[in-house]
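Residue-level listing of the chains:
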Amino acid sequence: MTIDPRIAAAVNGANGEAEKAGTRPCLMNRRSFLLTGGIATAVVMVGIPGLAQGQSPAVVATYPRKFITKLSSLAVDEPFDFEYPDEGAYAESILVKLGQEAGGGLGPDKDVVAFNYTCTHQGGPLQGTYQAADKALGPCPLHLTTFDLTRHGIFISGQAYQSLPQVLLELDGDDIYAVGMFGLIYGRFDNLQG
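J.: I tried to follow the environment of T36 on my own but got confused; where do I start?
T.: Inspection of the secondary structure puts T36 in helix α3 (residues 30-46). Residue T36 is classed as partly exposed on the basis of its relative accessible area, which comes to 44%. A polar side-chain atom of T36 sits 2.8 Å from the main-chain carbonyl oxygen of S32.

What follows is the structure in structure tokens.
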């Protein structure tokens, strides 16, 4: 096998091939590249005005309305355990009166919230990990993820990258009902009832 003498000259820098390699004109300068990239990004993100937009209806999940407990029976920082949206796997949930206003909170002080008990990272059990001082759930026994119950179950630290699924609550007089889920329950493809 023989090597083409022009390739050998270019590799070895003979016959002025190395000098010629760096003098070819560039097709696009940096400014043109950034401008073109910005325009392309805007078109993709915003769309082209006047072009028909695809419409897809919002998917509404229906859940059974389930009685949980009485508001008057709750004490601050004493968790109440229940299962929702069904009796299936990963349905264990916590209802707690935090004593301070929380995202999605119920009641006169907007401090009653409910969340699924399963860590969103790898399904670790969070039962018994409520921290009254921090109004948090965790750390998860698998990878130490902790969730803030005052801010819609957002993770504080650890390996999870999704918030805890929040149980949507409804107050009817003194009765607390679970009426839906906000977020995907670990281990399920969807939270829809079949």
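J.: Got a minute to help me understand the side chain of Q166 in this structure?
T.: Examined against the element boundaries, Q166 turns out to sit in strand β9 (residues 166-172). By relative accessible area, which is 3% here, Q166 ends up buried. Within the structure, Q166 has its side chain in polar contact with the backbone oxygen of G103 (distance 3.1 Å). Discounting chain neighbours no more than four positions away, the residues touching Q166 are G103, G104, V113, A114, F115, H152, G180, M181 and F182.

J.: What should I look at first to understand the pattern of salt bridges in this one?
T.: Side chains bearing opposite charge may pair, as long as their charged atoms lie close to each other. Applying the stated criterion across every chain, the model contains 8 salt bridges. Residue D77 is joined to K135 by a salt bridge in which the shortest nitrogen-to-oxygen separation is 2.8 Å. Taken together, the positions of D77 in the loop between β1 (66-70) and β2 (80-83) and K135 in the loop between β5 (130-131) and β6 (136-137) put the pair 58 residues apart, joining distant regions of the chain. Judged by its relative accessible area of 9%, K135 falls in the buried class.

J.: When you look at the packing of aromatic side chains in this model, what are you seeing that I'm missing?
T.: Centre-to-centre distance and the angle between the planes together describe a pair of aromatic rings. According to the stated counting rule, one finds 2 aromatic pairs in the structure shown. Look at F67 and Y177: their rings are 5.7 Å apart centre to centre, the planes differ by 70°, and that puts the pair in the edge-to-face class. Of this pair, F67 sits in strand β1 while Y177 sits in strand β10 (residues 175-182), and the two are 110 residues apart along the sequence. On the accessibility criterion, Y177 (15% relative accessible area) is buried. Here R65 stacks its cationic end above the ring of Y177, 3.8 Å away from the centre of that ring.

J.: Can you help me understand the state of the cysteines in this one?
T.: Disulfides are covalent bonds that connect the sulfur atoms of two cysteines. If you walk through the whole model with that rule in mind, you get 0 disulfides. Unpaired in terms of disulfides, C119 finds its nearest cysteine sulfur in C140, a separation of 3.9 Å. Take C119: its relative accessible area is 1%, and that puts it in the buried class. What makes C140 buried here is its relative accessible area of 2%.

About the thresholds
Residues numbered from 1 in each chain as written. Predicted model: local features only at pLDDT ≥ 70, side-chain atom pairs only at ≥ 80, totals over all residues. Heavy atoms only, no water. Helix = DSSP H or I, 4+ residues; strand = E, 2+ residues; numbered from the N terminus. Buried < 20%, exposed > 50% of the residue type's maximum accessible area, 1.4 Å probe, protein only. Polar contact = N/O pair within 3.5 Å; in protein donor to acceptor, adjacent residues only side chain to side chain. Contact = heavy atoms within 4.5 Å. Salt bridge = Lys/Arg side-chain N within 4 Å of Asp/Glu carboxyl O. Phe/Tyr/Trp six-rings, centres within 6.5 Å; stacked < 30°, edge-to-face > 60°. Lys NZ or Arg CZ within 6 Å of the ring centre and 35° of its normal. Disulfide = S-S within 2.5 Å.

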